[in-house]
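Each chain, letter by letter, is given below.
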Amino acid sequence: MQISKASEAVGAIVEDVDVTKLSDQQFAEVRAAFRDHGALFFRDQNLSPEAHIAFAERWGPIDLNRFFKRREGYPEIAEVLKEADQQLNIGGGWHTDHSYDEAPAMGSILYALEIPPSGGDTLFAGMAAAYAALDDDMKARIGNLKARHGNAHVFGEESEYRKAIGDRYTNADQAGQTAIHPVVLTHPDSGLKGLYVNPGFTLEIVDLEPEESTDLLQQLYAHIMQDRFHYRHKWRAGDLAIWDNRSTWHYALNDYHGHRRYLNRITIEGVTLG
């Protein structure tokens, strides 16, 4: 098994290993790499739904997704699908999965089944690297702030995006969760500080006037969107990725119209963030 950095800011490539046959020692090495790099990318895997679930269960309890259409016969698996005749994709903007939950999901494990001949890459951003690059004044300004996150504008019954995405999202009546988390999160495993706001689900910074909240969030987003904090993953069928929702953003590019893209995702439960 070989583990190498995908970029300086985020991610590592794991090669020469079958995730269905990881020894306890190898899995410990994989978990340490996940802690250190925030996202891992395994090439050339051959996973049945049962094997995907078994690998996920080594990380922790599975979080049954409320809003994604589930794979038939496997409620643990959410389908990430765009058909050739559809225009909107799932995840087509920078976001962090489940930041709207009181105990946000620890990680997401995505397995590629059908990939378009070109396009359909996913961008990842490293929140620890982005925080470390802030100047001291900004670090002091945001050090004790908290932000409110929510999901009704994406998954709720009045969401124009949900209406447009169609039956690939479900349970609109169950949307409406909100949660408050620190703007600067100390990672529970690595101990590193990272930014924990995202354009997809962060609604506001609490205790700031709306204009100041919006301005500050836009400054932070513009900072994180610099290429130096990113890794771009070019998918192949058989790729398996796991990313840490507490230390990364991701963005599924929608540049493959006319082609089908189909992946399966399992989400791992997390803990309340402090």
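Everything that follows concerns the structure shown earlier in this document.
Residues numbered from 1 in each chain as written. Predicted model: local features only at pLDDT ≥ 70, side-chain atom pairs only at ≥ 80, totals over all residues. Heavy atoms only, no water.

## Examining the pattern of salt bridges
The criterion, for reference: Salt bridge, as used here: a side-chain nitrogen of Lys or Arg that lies within 4 Å of a carboxyl oxygen of Asp or Glu. Segments assigned H or I by DSSP are reported as helices when at least four residues long, segments assigned E as strands when at least two residues long, and all are numbered from the N terminus. With a 1.4 Å probe rolled over the protein chains alone, any residue whose accessible area is under 20% of its type maximum counts as buried; one over 50% counts as exposed, and the rest are partly exposed.
Following the criterion strictly, the structure yields 16 salt bridges and no others. Ionic pairing is found between Lys-163 and Glu-160, a salt bridge with its closest N-O pair at 3.4 Å. Residue Lys-163 and its partner Glu-160 are both found in helix 6 (residues 160-165); the two are separated by three residues, about one turn of the helix. Take Lys-163: its relative accessible area is 40%, and that puts it in the partly exposed class. Judged by its relative accessible area of 57%, Glu-160 falls in the exposed class. Members of the salt-bridge network, linked through shared partners, are Glu-83, Glu-114 and Arg-260.

## Quick word on helix 1 (residues 24-37)
Selection rule: A helix's residues, less one, multiplied by 1.5 Å, set its expected span. To be clear, the arc concerns the directions from the helix axis to the C-beta atoms. We call two residues in contact whenever any of their non-hydrogen atoms come within 4.5 Å of each other.
Compared with an ideal rise of 1.5 Å per residue, which puts 14 residues at 20 Å, helix 1 spans 20 Å between its outermost C-alpha atoms and is within 8% of the ideal. Listed as buried for helix 1 are Phe-27, Val-30, Ala-33 and Phe-34. Take helix 1 and look down its axis: the buried residues cluster within an arc of 120 degrees, on one side only. In this structure, helix 1 carries Asp-24 and Gln-25 as exposed residues pointing more than 90 degrees from its buried face. Those residues of helix 1 that are buried are in contact with strand 1 (2-5), strand 3 (39-42), helix 2 (49-59) and strand 15 (240-244). Looking one or two residues past helix 1, Gly-38 carries a phi angle of roughly 85 degrees, positive in sign.

Read these as spatial facts, not as claims about activity.
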